[in-house]
Amino acid sequence: MSVLLDESNGPRPNPRVRRGAEERGVTKSPQLTLSILDSLDQPLKARDGDFTRLYVGDRIRFLINLTRDGIYDSLVVLQCVMSSSSLLQDPRAETRVLLTNGCPLMDEATASSWRWTSEKSTVSSFVSNTQPVSIFRLSRSAYVYLHCAVKMCFVGASPCKQPTTADCTVSQSGRKRRQLVDGYTSTTETAALHVIDPAQEPYNPLEVGSATFVVLIVVLVLIGLSVLVLVTILSVYLCCSNLSKRRHPYHPEQFTQQRITPARRKCLCC
């Protein structure tokens, strides 16, 4: 789901970009897709209504895809918050901030994992994804929401730049960092998660419905077939070898040359 943000409290759009958008008559909303990938980079599907079932400790990736349609060119993820509420601004919700100003929090054990990168981008789409992150559970509820504030850059404007490790280090040290992006519009992408505690509910790959389980089954079947083929080939080879020995028995004496002893010369003195 996508919720437009009030930009009055956030970074203001570049007036040049805003005017450029109006001159081109931009009325099209950005085509954004938020996906959750398992450890094999296979997309996970929602099972409990709109919720994706996960277990505490699962290693997954979050991925946001922006279609490059000639209007929007790139994006940057500025903030990510795990919350017990479907609303981004809910004072009663239990929250845990994971990313702020594009930088993972320094006190997070998996700080580097929550950094978003764009190595998988192509000509037709801009892709930003996290490193593998470990799923955790909030204390109040097993149903949680990951809210990520996304800034999208207009074609022809300054491209969105993901802050580097050096930028985040400078920001954490208290020095003012320059504005990261001149955005055209902002939105919040939300992922609904059902995080299960294995101690309370045993892990069942069939219930999770992850593509990982299917891939593992296929791999095991292929390995079993390969072993069966090798055993069959070896059995046929040994059988043919035994039949060949029976039809053509090997007799060493047939190939032994008879020793020819030279005739003794008659002794003249005898």
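Everything that follows concerns the structure shown earlier in this document.
These numbers were taken from a predicted model, which means no experiment stands behind them.

Student: Would you mind going over the nonpolar core with me for this structure?
Tutor: Generally speaking, soluble globular proteins have nonpolar side chains that are buried together. Grouped together as the largest cluster of nonpolar side chains are 33 residues, with contacts concentrated most on Phe62, Leu75, Val77, Leu146 and Leu193. Elements with a contribution of two residues or more to this core: β2 (32-37), β4 (59-67), β5 (72-83), β6 (95-100), β10 (143-154) and β11 (185-196). Apart from residues no more than four positions distant in its own chain, Leu193 is found in contact with Ile36, Phe51, Thr52, Leu54, Phe62, Met82, Ile135, Ala142, Tyr143 and Val144.

Student: Any chance you could explain the pairing of β10 here in plain terms?
Tutor: Working note: regular strand, side chains alternate between the two faces of the sheet. Across the 12 residues that make up β10, a large majority, 11, are buried. Here 10 bridges tie β5 to β10, and the two strands are oriented antiparallel to one another. Among the inter-strand pairings, Ser83 is bridged to a residue of β10, identified as Tyr145.

Student: When you look at the packing of aromatic side chains in this model, what are you seeing that I'm missing?
Tutor: Two measures describe an aromatic ring pair: the distance that separates the ring centres and the angle between the ring planes. With the rule as written, the count across this model stands at three aromatic pairs. Aromatic pair Phe62 and Trp114: ring centres 5.8 Å apart, planes at 20 degrees, arrangement stacked. Here the residue Phe62 occupies a position in strand β4, and Trp114 occupies one in the loop between β7 (103-104) and β8 (125-129), the gap between them amounting to 52 residues. For the pair shown, Phe62 and Trp114 are each scored as buried. Three or more aromatic residues joined by ring pairs form one cluster here, namely Phe51, Tyr143 and Tyr145. A cation over a ring is seen here: Arg96 above Phe136, with NZ or CZ 4.2 Å from the ring centre.

Reading guide: rules and limits
Residues numbered from 1 in each chain as written. Predicted model: local features only at pLDDT ≥ 70, side-chain atom pairs only at ≥ 80, totals over all residues. Heavy atoms only, no water. Core = buried A, V, L, I, M, F, W, Y, C linked by side-chain atoms within 4.5 Å. Buried < 20%, exposed > 50% of the residue type's maximum accessible area, 1.4 Å probe, protein only. Helix = DSSP H or I, 4+ residues; strand = E, 2+ residues; numbered from the N terminus. Contact = heavy atoms within 4.5 Å. Pairing = 2+ DSSP bridges. Phe/Tyr/Trp six-rings, centres within 6.5 Å; stacked < 30°, edge-to-face > 60°. Lys NZ or Arg CZ within 6 Å of the ring centre and 35° of its normal.

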